[in-house]
Structures are given as structure tokens and as C-alpha cells.
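Structure at a glance
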Amino acid sequence: MKALVLKQFGGPAAFALSDVPKPAPQAGQVLVRVEATSINPLDYQVRRGDYADLVPLPAITGHDVSGVVEAVGPGVTAFIPGDEVWYTPQIFDGPGSYAEYHVASENIVGRKPASLSHVEAASLSLVGGTVWEALVGRAALRVGESILIHGGAGGVGHIAIQIAKAMGARVFTTVRDTNFGFARRLGADVVIDYRKEDYVEAVLRETGGQGVDVVLDTIGGNTLSRSPDVLTQLGRVVTIVDTAQPQNVIQAWGKNASYHFVFTRQNRGKLDELGALVERGQLRPHVGAVYSLADIPLAHARLESPDNGLQGKIAIAVGALAERHGAKPRFIGGTA
Ligand SMILES: NC(=O)c1ccc[n+]([C@@H]2O[C@H](COP(=O)([O-])OP(=O)(O)OC[C@H]3O[C@@H](n4cnc5c(N)ncnc54)[C@H](OP(=O)(O)O)[C@@H]3O)[C@@H](O)[C@H]2O)c1
């Protein structure tokens with residue numbers, strides 16, 4: 001099968017489109033023909049070596065799958081060949097999704113929501129699972145509460161807006177001005193231009209000085225230390241960002257605030273719950289661009305670029321689906 005193999009840590013050209021053996025499902029595993037995957041910041045963080053200790057090379061990376069079950073190993077009860085499925089491969093534990101086939105434990109695989117295309121489903125599994133864990137599992141957002149979602153036009157943020165609205169919250173979000181319309185169409189109540197306005201001042205103005213109940217940090221920097229300034233009493237902060245610098249959160253004391261640190265975990269249950277929201281029409285991923293498997297280096301370069309003009313996600317159409325999307329194979333480095 002074709003796979004995009006990371007031979008060394010480095011820039012987008014560190015990948016090589018290669019022929020590798022097709023995997024076989026073991027007990028409890030399904031073999032999936034990958035129809036689509038997507039690009040996450042984790043992918044370029046892994047590629048450049050941020051998690052070198054956890055990723056033995058050469059490696060097939062990639063953290064989203066939407067596809068069709070081709071075979072099942074002994075003992076699999078939930079799926080049969082032909083089932084359409086979606087999931088995030090176990091992170092830092094075996095090959096990822098930049099390939100024509102992938103094997104996974106049936107326990108982390110869900111049935112793809114029927115109303116999503118493969119490209120859409122692959123654009124939701126990791127970010128949706130993360131938001132579910134953050135807002136439902138940790139922040140326990142309640143009807144009538146308010147939330148500040150940083151980066152509302154990004155892969156995580158645009159899903160967080162929709163899920164927070166479905167949970168009955170008033171949503172504040174930070175985006176650049178060109179994404180105001182996008183964020184409002186997703187359901188945001190208050191949009192703040194993070195390049196022109198200080199979000200603390202904006203939130204306090206819009207809430208009459210009360211602040212919000214929950215902050216979802218998708219950007220890092222000094223968000224943890226500034227969050228108490230925008231929180232109500234007993235507010236909650238959920239961060240999904242691996243922030244390198246220490247931050248002083250002493251102000252959280254005065255707000256009786258709770259901090260949650262989320263590194264998304266894989267299980268079928270949250271995929272099924274996300275699927276229910278999708279089928280109710282309350283959640284839909286926005287696919288900002290589609291590339292082919294061979295073009296993943298270009299997709300990485302684009303997602304990493306600060307002014308990439310993206311809304312939502314970059315999806316990757318694999319195999320026959322790539323041809324139907326017109327995503328022509330192109331290559332910019334390594335050995336094709
Ligand atoms: N812990 C976990 O399990 C987990 C899971 C998923 C993601 N993450 C992490 O979460 C972060 C976001 O992921 P993503 O998939 O949403 O990335 P993404 O698709 O690249 O989106 C990032 C968004 O942040 C916006 N942004 C940049 N600087 C900002 C600022 N100062 N204020 C407000 N918005 C700003 C960007 O907007 P512009 O277009 O205006 O630049 C962009 O829309 C990444 O660091 C990723 O590694 C962690």
C-alpha cells in the first residue's frame with residue numbers, strides 16, 4: 001500500500017511517499033481502507049520532532065481516519081467488512097492514518113455518521129473528540145452558562161462553538177476580523193478580533209464586568225494566567241495546549257477557579273455522542289481545503305503558516321476518493 005512515511009524529523013519535505021506492507025488485523029482489530037484523513041497541529045509538531053521520544057522512526061503519522069472496514073480480526077463483534085467507520089488512531093501507539101490502510105482496536109472505532117462524507121468525518125474525529133472531552137467531560141458546561149472559546153475559526157474552535165451552542169451556552173470567541181461572519185454562522189454570540197482588541201476588556205464589557213463561566217484555551221501563550229481576569233466565581237478553564245513556559249495562575253485563587261488539562265483520549269463512546277449531534281443537525285465540520293495523500297507536505301506547510309486563510313480543517317482525500325475530489329498527486333520533497 002502507499003503511505004506517507006516520516007524518515008527523519010524536520011520540515012514538510014521530511015516525508016516520503018512509499019510502498020509499505022499492508023497491515024493485517026490481529027485479535028480485536030479491524031482493517032480499514034482509509035478514504036480520508038485530516039491535518040492537525042499535532043501532525044506537524046510530531047513531524048518537526050516535538051515528541052521525538054514518543055515516535056520511533058521511520059513512522060507513519062496522522063490522527064484521523066474515515067473509511068470502510070475491509071477485514072476483521074478474531075473476536076471482533078462490533079463491525080463487519082463494508083461498514084463505514086471513523087476514529088482517531090491511538091496517539092503515540094503504532095502507525096497513524098497517512099496511508100491507504102490502517103488497523104485499529106475495534107474499541108476506539110465508531111460508525112461514521114451517515115450524513116457526513118468521509119472527508120467531513122475525518123475532519124471531525126480528533127477535534128470533535130477533544131472538544132467533547134473538554135466541554136462535556138471536564139468543564140461540564142451547563143445550559144445558560146457562558147464560554148470564551150479562543151481561536152473560533154480553527155479546527156478545534158469551530159467545533160467548540162457548535163458544541164457549546166448545542167449545550168445551551170452563550171458563546172464568546174476570538175477570531176481575526178475576516179472570520180467574523182464564519183464564527184457567527186457557526187453560532188457565536190459575541191465575536192472578538194484578537195488582533196485589534198484585548199479579549200479581557202471585550203469580555204468584561206459584554207458581560208457587564210461579570211465574566212464568563214468557562215474558558216477554552218486553544219492557543220497557549222499567557223492564556224492560563226489571564227483567564228482569571230475573564231472568569232466568574234467558580235469558573236473553569238480547560239486548556240488543550242502543551243504550553244512550554246511556566247505561568248503564574250495565582251489570580252485563579254480569588255475566583256475559586258478550576259483548571260483542566262486535556263490530552264484527548266480515544267474511545268467509541270464520544271464518537272457516538274458526536275455522531276448524534278451531527279445527525280440532529282447541530283454539528284458539522286467545515287472543510288476549508290482538501291489535498292491528496294502525496295500533497296500532505298503542502299498541507300502541513302499551509303497549516304503551519306500564520307496567515308493561511310483557513311477556516312475549519314484541512315482534509316486529505318486518499319486513494320479513489322482523491323481522484324473524485326480532483327486532488328491530483330503532487331510531491332515537494334523526499335523520494336516519491
Ligand atoms: N490536547 C489535545 O488533545 C489537543 C487536541 C487538538 C488540538 N490541540 C492543540 O490545540 C491547538 C489548536 O488546534 P487547532 O486544530 O484548532 O489548530 P488550527 O486549526 O491551526 O487553528 C488555530 C486557530 O487559532 C487562531 N489563533 C491564532 N492565534 C490566535 C490568538 N492569539 N487568539 C485567537 N486565535 C488565534 C488561528 O486563527 P488565524 O487564522 O486568525 O491565525 C486559527 O484559527 C493546537 O496547539 C493543537 O496542537 C490539542
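Computed from a prediction, not measured in an experiment: that's the story for all the values here.

Looking at the ligand, there are 20 residues lining it, with R176, Y194, I240, V262 and T264 nearest. One of the backbone N or O atoms of G154 is found 3.2 Å from an oxygen atom in the ligand. Within the complex, 80% of the 930 Å² of free accessible area of the ligand lies under protein. Among the elements of the structure, helix 1 (41-47), helix 3 (125-138) and helix 4 (155-166) are those that each provide at least two residues to the shell around the ligand. Each residue belonging to the shell around the ligand can be placed in one class, and the counts come to 11 nonpolar, 8 polar and 1 charged.

Under the UniProt annotation, the feature "domain: Enoyl reductase (ER)" (unreviewed entry) is placed at residues 10-316. For residues 10-316, the end-to-end C-alpha separation is 21 Å, with 28% helix and 26% strand making up the annotated structure.

Reading across the sheet, the 3 strands line up as 2-1-4 and stay open at both edges, with antiparallel pairing between neighbours. If you trace the sheet from one side to the other, it starts and ends with strand 2 (15-19) and strand 4 (59-60), each paired once. Pairing analysis gives 5 bridges linking strand 1 (residues 2-6) to strand 2, with the strands arranged antiparallel. Bridged to V5 within strand 2 is A16.

The next point concerns the nonpolar core. Grouped together as the largest cluster of nonpolar side chains are 84 residues, with contacts concentrated most on Y87, L135, I147, I163 and I314. Not counting residues up to four positions away in its chain, the partners in contact with I147 are L135, L141, A164, A169, R170, V171, F172, V212, V214 and L216. Residues F172, V200, A202 and V203 belong to the second largest nonpolar core, which totals 16 residues.

This part takes up the packing of aromatic side chains. Tallied over the entire structure, the rule returns 3 aromatic pairs. When the ring of Y51 is compared with that of F92, the centres are 5.1 Å apart and the planes differ by 45 degrees; the resulting orientation is tilted. One end of the pair, Y51, is in the loop between helix 1 and strand 4; the other, F92, is in the loop between strand 6 (84-87) and strand 7 (101-105), with 41 residues separating them in the sequence. On the accessibility criterion, Y51 (15% relative accessible area) is buried. Note on F92: relative accessible area 27%, which makes it partly exposed. Site record: aromatic cluster; members linked through ring pairs are Y51, F92 and F263. Across from the ring centre of Y101, 4.2 Å away, lies the NZ or CZ of K22, which sits over that ring. Cation over ring: R226 sits above Y199, and NZ or CZ is 5.2 Å from the ring centre.

To continue, consider the side chain of D43. Within the secondary structure layout, D43 lies in helix 1. Of the side chains with opposite charge, K313 lies nearest to the buried D43, which makes no salt bridge, at 7.1 Å. Within the local environment of D43, its side chain forms a polar contact with the side chain of Y98, the two groups lying 2.5 Å apart. What D43 contacts, discounting residues up to four positions off in sequence, is S38, G62, H63, Y98 and H300.

In this section: helix 9 (residues 268-279). A rise of 1.5 Å per residue sets the reference length of helix 9, with its 12 residues, at 16 Å; its end C-alpha atoms lie 16 Å apart and thus fit the reference within 8%. Taken residue by residue, helix 9 has K270, L271, L274, G275, L277 and V278 as its buried positions. One side of helix 9 carries all its buried residues, which in axial view fall inside an arc of 160 degrees. Each element contacted by the buried residues of helix 9 is listed here: strand 6, strand 8 (110-111), helix 3 and helix 4.

Right, let's get into the sheet that holds strand 13 (residues 231-239). Paired through their backbone hydrogen bonds, the strands of a sheet run either parallel or antiparallel. Pairing is parallel across the open sheet formed by 6 strands, whose spatial order is 11-10-9-12-13-14. Only two strands of the sheet have a single partner each, and these edge strands are strand 11 (190-193) and strand 14 (258-261). Within the sheet, the average angular offset between the axes of one strand and its neighbour, ignoring direction, is 15 degrees. Sheet topology places strand 9 (residues 146-150) next to strand 10 (residues 170-175); 5 bridges connect them, and they run parallel. Residue pairing in the sheet places S146 in a bridge with R170 of strand 10.

With 5 of its 5 residues buried, strand 9 lies for the most part within the structure. With burial as the criterion, each face of strand 9 is covered, one bearing S146, L148 and H150 and the other bearing I147 and I149. Between the parallel pair strand 9 and strand 10, the chain is carried across by helix 4, and the sense of this crossover is right-handed. Taken together, the 3 bridges between strand 9 and strand 12 (residues 212-217) define a ladder with parallel strand orientation. Bridge assignment links L148 to a residue of strand 12, and that residue is V215.

Cut-off values and rules
- Residues numbered from 1 in each chain as written.
- Predicted model: local features only at pLDDT ≥ 70, side-chain atom pairs only at ≥ 80, totals over all residues.
- Heavy atoms only, no water.
- Near = heavy atom within 4 Å.
- Polar contact = N/O pair within 3.5 Å; in protein donor to acceptor, adjacent residues only side chain to side chain.
- Areas by Shrake-Rupley, 256 points an atom, 1.4 Å probe, with all protein chains shown as cover.
- Helix = DSSP H or I, 4+ residues; strand = E, 2+ residues; numbered from the N terminus.
- Nonpolar A, V, L, I, M, F, W, Y, C, P; charged D, E, K, R; others polar.
- UniProt positions renumbered as here; feature names shortened; annotations may be inferred.
- Pairing = 2+ DSSP bridges.
- Core = buried A, V, L, I, M, F, W, Y, C linked by side-chain atoms within 4.5 Å.
- Buried < 20%, exposed > 50% of the residue type's maximum accessible area, 1.4 Å probe, protein only.
- Contact = heavy atoms within 4.5 Å.
- Phe/Tyr/Trp six-rings, centres within 6.5 Å; stacked < 30°, edge-to-face > 60°.
- Lys NZ or Arg CZ within 6 Å of the ring centre and 35° of its normal.
- Lys, Arg positive; Asp, Glu negative; His and termini not counted.
- Salt bridge = Lys/Arg side-chain N within 4 Å of Asp/Glu carboxyl O.
- Expected span 1.5 Å × (residues − 1).
- Arc of directions from axis to C-beta.
- Axes fitted to C-alpha atoms, helices over the stretch in contact; angles between N-to-C directions.
- Right-handed = clockwise from strand over helix to strand, strands pointing away.

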